[in-house]
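# Examining the three-dimensional arrangement
Okay, here's what each chain looks like letter by letter:
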Amino acid sequence: MAEARAAGLKLRAEGGLLHVRGPLALEPIVRRLFQAKIEVLAALQDEQKFAITPSRPCRLCDGHYFWSRAGGAAICSRCHPCPSPDLVAEEFTITATPSKEVNRLLERFGWEPA
Ligand SMILES: [Zn+2]
């Protein structure tokens, strides 16, 4: 996968299908990718999941609830409530990150923000 990207191929997993875009000259690499399709798909899905999961509260409202469309980025539930439950592919709740208030208290008492 790293080799394919270095060569200029774009990889994307969507609905169980592997999408590869790039110059035709790279076809040998593409063939190898499709031979390992299951593994490549799993790795891509992990990456995408990691990429779209918010790691901190909304920077506008400090909200801890997010939702996303299939394959989309996380959207703050308070700033941009989902218009229809059908659109929600995933919901996220951030619990590990302390709120601004907690961070302020921690700072006041000499704790480093986690
Ligand atoms: Zn927000």
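Everything numeric in this text was worked out from a predicted model, so none of it was measured.

Across its full length, the chain holds four helices and five strands. In the chain, the succession of α and β elements from N to C terminus is α-β-β-α-α-β-β-β-α. In the chain, which comprises 114 residues, the proportion classed as buried is 4%. The long-range share in the chain, meaning contacts at least 24 apart out of those at least 6 apart in sequence, stands at 27%.

Moving on: the environment of Cys 61. If you trace the backbone, Cys 61 turns up in the loop between helix 3 (37–52) and strand 3 (65–68). Given 11 C-beta atoms within 10 Å, Cys 61 falls into the exposed group. Separated by 15 residues in sequence, Cys 61 and Cys 76 have C-alpha atoms that sit 8.6 Å apart. Other than its neighbours up to four places away in sequence, Cys 61 contacts Cys 76, Arg 78 and Cys 79.

Once that is clear, we can look at the confidence of the model for the chain. Interpretation of this model should avoid reading the predicted coordinates in detail wherever pLDDT is low. Averaged over every residue, the pLDDT of the chain is 80; residues scoring 70 or more account for 82%. No element of the chain has a lower mean pLDDT than helix 4 (residues 100–108), at 71, and none a higher one than helix 2 (residues 27–35), at 90.

What follows is about the environment of Val 88. The topology assignment puts Val 88 in the loop between strand 4 (75–76) and strand 5 (90–93). Classification of Val 88 by C-beta neighbours within 10 Å gives partly exposed; the count is 14. Along the sequence, Val 88 and Phe 66 sit 22 residues apart, while their C-alpha atoms lie 10.0 Å from each other.

On to the pairing of strand 1 (residues 10–14), then. As paired elements, strand 1 and strand 2 (residues 17–21) share five bridges and run antiparallel to each other. Note on strand 2: the bridge partner recorded for Arg 12 is His 19. Hairpin connection of strand 1 to strand 2: two residues between the antiparallel strands, including Gly 15 at a positive phi of 55°.

In space, the three strands of this open sheet follow the order 4-3-5, with antiparallel pairing throughout. Only two strands of the sheet have a single neighbouring strand rather than two, namely strand 4 and strand 5. The pairing of strand 3 with strand 4 spans two bridges and is classified as antiparallel. In the sheet register, Phe 66 faces strand 4, and the bridge partner there is Cys 76.

A word on unusual backbone geometry. Here the phi dihedral of Asp 62 falls at roughly 65°; this positive angle occurs in a residue that is not glycine. With respect to the element layout, Asp 62 can be found in the loop between helix 3 and strand 3. On the basis of neighbour counts, which here come to 14 C-beta atoms within 10 Å, the residue Asp 62 falls in the partly exposed class.

Rules of the game
- Counting restarts for each chain: residues are numbered from 1 in the order of the written sequence.
- Confidence filtering applies because this is a predicted model: local features only for residues at pLDDT of at least 70, side-chain atom pairs given and counted only at 80 or more, and all residues used for totals across whole chains, interfaces and linings.
- Numbering of helices and strands runs from the N terminus, with a helix taken as a DSSP run of H or I at least four residues long and a strand as a DSSP run of E at least two residues long.
- Counting other C-beta atoms within 10 Å of each residue's C-beta, where C-beta atoms are placed from the backbone, gives the exposure class: buried for 20 or more, exposed for 12 or fewer, partly exposed between.
- By the convention adopted here, residues make contact when the C-beta atoms placed from their backbones lie within 7 Å.
- For every residue, the predictor states its confidence as a pLDDT score lying anywhere from 0 to 100.
- One requirement defines pairing of two strands: DSSP has to find at least two bridges between them.

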